[in-house]
Amino acid sequence: RHSHTAMSSTRTSLAPGSAFPSLTLPKVGGGEVTFPYKNTETLVVFYRGNFCPFCQGTLKSLQAALKSFEEINVKVIAISADKEPEAKTTVANCGISFDVAYGLEASTMQKLGLFISDT
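Quick notes on the rules
Residues numbered from 1 in each chain as written. Predicted model: local features only at pLDDT ≥ 70, side-chain atom pairs only at ≥ 80, totals over all residues. Heavy atoms only, no water. Axes fitted to C-alpha atoms, helices over the stretch in contact; angles between N-to-C directions. Helix = DSSP H or I, 4+ residues; strand = E, 2+ residues; numbered from the N terminus. Parallel < 35°, antiparallel > 145°, perpendicular 65-115°, else oblique. Left-handed = near helix turned anticlockwise from the far one by under 90°. Contact = heavy atoms within 4.5 Å. Nonpolar A, V, L, I, M, F, W, Y, C, P; charged D, E, K, R; others polar. Expected span 1.5 Å × (residues − 1). Bend = angle between axes of the 7 residues up to and from the residue. Buried < 20%, exposed > 50% of the residue type's maximum accessible area, 1.4 Å probe, protein only. Pairing = 2+ DSSP bridges. pLDDT = per-residue confidence, 0-100.

Some details on the packing of helix α1 (residues 53–71) against helix α2 (residues 84–94)
Thought 1: Here α1 crosses α2 at 55°, and the two axes come no closer than 10 Å. Here α2 runs oblique to α1, going by the angle between their axes. Of the two elements, α1 crosses α2, and the hand of that crossing is right-handed. For the pair α1 and α2, the contacting residues are Gln56, Leu59 and Lys60 in the first and Thr90, Asn93 and Cys94 in the second.
Thought 2: Residues belonging to the contact of α1 with α2 are distributed by class as follows: 2 nonpolar, 3 polar and 1 charged.

Pasting the structure below:
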């Protein structure tokens, strides 16, 4: 769990289709995920963390739909602020085969316009 002050309502978010900022994060299973991807449509999903049952349900739904995304050449990537052990647990508990990156820092979340809760 992360204890950060919630951002004000004046935060800005990325608009659909806008360029994703440069970012490199470690991923479960080794290696890194680096953005932006070139020549690949990518669905990037930010989730709160392993502690969030709603997030786990969403990730399981994405896994169930993964073949449909692959058929239209869309890569799915999930990202959280979790540390490696929690991210590994999420992958195992949700049966995820797509990339899961971890270690997103609060400063990067703010730059991306993500809501940061107190829990």
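Continuing now.
Details of α1
Thought 1: The terminal C-alpha atoms of α1 lie 28 Å apart, and with 19 residues this matches the ideal 27 Å at 1.5 Å per residue to within 8%.
Thought 2: A maximum bend of about 55° is found in α1 at Ala65.
Thought 3: Those residues of α1 that sit buried are Cys55, Gln56, Leu59, Leu62, Gln63 and Leu66.

Some thoughts on the pairing of strand β2 (residues 32–35)
Thought 1: Side-chain alternation along β2 places Val33 and Phe35 on a buried face and Glu32 and Thr34 on a face that remains uncovered.
Thought 2: Pairing geometry for strand β1 (residues 23–26) and β2, over 4 bridges, is antiparallel. Note on β2: the bridge partner recorded for Thr24 is Thr34.
Thought 3: Here β1 folds back onto β2 in antiparallel fashion, the turn holding 5 residues, of which Gly29 has a positive phi close to 95°.

Let's talk about the confidence of the model for the protein
Thought 1: The predicted model of the protein has a mean per-residue pLDDT of 84, with 87% of residues at 70 or higher.
Thought 2: For the protein, the element scoring lowest by mean pLDDT is helix α3 (residues 106–112), at 83; α2 scores highest, at 96.
Thought 3: Note on residues 1–9: pLDDT under 50 across the span, and 20 contacts to partners over four residues away in sequence or across chains.

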